[in-house]
Amino acid sequence: MNIVLSADESYARYGAVVMASIIDNAVDPSQVRFFMLTPDMGEETKHRLHAFVEDSGAGIDIIDVDVQTLKGLKVGRFGPAALLRLLMHRYLPDDCARVIYLDCDVLVRSDLSALWAMPLHGHAAAAAMDICNTSISATRPNPDDYFNSGVMLIDLAAWRSRHVGERALAYLEQNGDNAWYPDQDALNHVLAKDCYQLPPEWNFQPTAYRAVKRHYPHLYKHQASLETAVRDPRIVHFIGAVKPWHPTCVHPFQEDFIAYSSHTPWPIDRKTLMSSLSWPERMRRVLKQLKVRRRRRLTAS
C-alpha cells in the first residue's frame, strides 16, 4: 500500500503524526510503504523519520524534489510543498501503479485497506466533495463537482498516461492569479470528468457538523452519507488556517492528533501549547468546549 505525503522541514513533524495514525490503525504495518516528497528537509529530520517509521515495520522513502519547475507559479499563502503532488509521477518508482495521497493535516482513524481496494471505475483518481466552504459550494451549479484534494486515491498509471500533473501545472501558469487553492483548483480543472467521488468519511471536513445539523439545501442529497461520516470518520481533515498544533484550535479531534504526536519524534506537549494562550484566548476556548465535547460525542469512539 503506497502512501504519498509532501512536506518541507517545518511540516515533517505533522506528516509524522499522519504516519503514526496510519501505522497504529494498519492491520499489517509491514504492508505500508510511505513516500515523503520534500523540497527541503534536513538530514537529521530524515534520519528521525526513517527510524520512527522503520521501527514500526513499515517502509519509507524520502524523496528530494527539484522545485525549479515550480518557480514563477502563483501559490498564494501556500508554499511550494503544496504543489509537489503535481510532480509525484516524476519521482515515484515504476512499480507504484496506485497510491493514496494525504495532506499533512489529516488524522487516520481506520485501516486504509478499504480505501486502497476501492475500484476507480476507469477514473484517474478518487476524492471526496469539498464541503468546507459552504458559501462557495452553494454558488456552484453542482457542488458535487468540486473535490477536496487533501485525500486522493490515484491510479498512477492513468495519471501518467493522461498527463495530469503537466496539465495541472499548465493550468496554474495561465490561471494561477485566480486560483484560491492553487493545486486543488488545478486538479479540479484537469480531472473534471476523471475523478470518482469518495464517501465523505474518507475526508471528514469540519463543515459536516453544521451541514448535518442545518440541512443545507445544496447538500440535501448527501445528508445520509454526511451523518455516516460524523458517526465514523475514517480520515479527519483539519481544514482551515487553524491546525491541531495551534493552541487556538477547537476541533473535536485535536486531542487525538496531539495523542498520536507522542508516537513520533516530535511529541506535542499540550500544557506548553495551551500556556501560550492569552487570557482572553483561554476564555474563548473554555466557552467553546461544550460544543467541542458535544460534537466529539457524535462519533462512536
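Relevant structure appears above.
Here we summarise the structure given alongside this text. Computed from a predicted structure; not experimentally measured. Starting from 1, residues in each chain are numbered consecutively following that chain's sequence as written. The predicted origin of the model limits local features to residues at a pLDDT of at least 70 and limits the giving and counting of side-chain atom pairs to 80 or more, whereas totals for whole chains, interfaces and linings rest on all residues. To obtain the side-chain values, all non-hydrogen atoms of the structure were used and water was disregarded.

## Some details on the packing of helix α7 (residues 164-175) against helix α8 (residues 182-190)
Two quantities define a packed helix pair, namely the angle between the axes and the distance from one axis to the other.
Turning to step 1, where the next piece is worked out: To get an axis, a line is fitted to the C-alpha atoms, and for a helix only the part in contact is used. The angle between two axes follows their N-to-C directions and goes from 0 to 180 degrees. Working definition: helices are DSSP H or I runs of at least four residues, strands are E runs of at least two. Numbering for both runs from the N terminus. At their nearest, the axes of α7 and α8 sit 9 Å apart, and the two run at 115° to each other. Considering how the two elements wind past one another, α7 and α8 form a crossing that is right-handed. Between α7, through Val164, Arg167, Ala168, Tyr171 and Leu172, and α8, the contact on the second element is made entirely by Pro182, Asp185, Ala186, Leu187, His189 and Val190.
Turning to step 2, where the next piece is worked out: Under the grouping applied here, Gly and all other residues not named as nonpolar or charged are polar, the nonpolar ones being Ala, Val, Leu, Ile, Met, Phe, Trp, Tyr, Cys and Pro and the charged ones Asp, Glu, Lys and Arg. Of the residues in the contact of α7 with α8, the class split is eight nonpolar, one polar and two charged. Helix crossings fall into two classes, left-handed where the near helix is turned counterclockwise from the far one by less than a right angle and right-handed where it is turned clockwise. By definition, residues are in contact when any of their heavy atoms lie within 4.5 Å.

## Considering the pattern of salt bridges
Once the charged atoms of two side chains with opposite charge are near each other, the side chains can pair.
Turning to step 1, where the next piece is worked out: What makes a salt bridge here is a side-chain nitrogen of Lys or Arg within 4 Å of a carboxyl oxygen of Asp or Glu, nothing more. Enumeration over the complete set of coordinates arrives at twelve salt bridges.
Turning to step 2, where the next piece is worked out: Among the salt bridges present, the one from Asp183 reaches Arg85, with a minimum N-O distance of 3.0 Å. With Asp183 in helix α8 and Arg85 in the loop between β3 (59-64) and α3 (88-91), the pair connects residues that are 98 residues apart, well separated along the chain. For the pair shown, Asp183 and Arg85 are each scored as buried. Accessibility here uses a 1.4 Å probe with only protein chains present; expressed as a share of the type maximum, an area under 20% marks a residue as buried, one over 50% as exposed, and anything in between as partly exposed.

## So, the nonpolar core
Turning to step 1, where the next piece is worked out: Within the largest apolar cluster, 65 residues are counted, with the highest numbers of intra-cluster contacts made by Ile3, Phe34, Leu49, Leu102 and Leu112.
Turning to step 2, where the next piece is worked out: The element best represented in this core is helix α1 (residues 12-25), accounting for nine residues.
Turning to step 3, where the next piece is worked out: Leaving out residues up to four positions away in the same chain, Leu49 has contacts with Ala12, Ala16, Met19, Met41, Ile60, Ile62 and Trp266.
Turning to step 4, where the next piece is worked out: We call a set of buried residues a nonpolar core when its members are Ala, Val, Leu, Ile, Met, Phe, Trp, Tyr or Cys and they connect through side-chain atoms within 4.5 Å of each other. Counting residues in each nonpolar core, the second largest holds 37 residues, with Phe147, Ile154, Leu156 and Trp159 among its members.

## Describing the sheet that holds strand β8 (residues 195-198)
Turning to step 1, where the next piece is worked out: Judged by pairing direction, the sheet is mixed, and its seven strands sit side by side in the order β3-β2-β1-β4-β7-β6-β8 without closing on themselves. One side of each edge strand has no neighbouring strand; the edge strands of this open sheet are β3 and β8. Neighbour to neighbour, the strand axes of the sheet diverge by 25° on average, direction disregarded.
Turning to step 2, where the next piece is worked out: Judged from the five bridges that link them, strand β4 (residues 98-102) and strand β7 (residues 147-155) form a sheet pairing that is antiparallel. Bridge pairing in β7 places Ile100 opposite Leu153.
Turning to step 3, where the next piece is worked out: Running over the sheet, α1 touches β1 (2-6), β2 (33-38), β3 and β4 and is turned about 170° from β2.
Turning to step 4, where the next piece is worked out: Taken strand by strand, helix α2 (residues 43-55) contacts β2 and β3, and its axis lies near 160° from that of β3. Two strands are counted as paired when DSSP detects at least two bridges linking them.

Everything listed is a geometric property; what it means functionally is a separate question.
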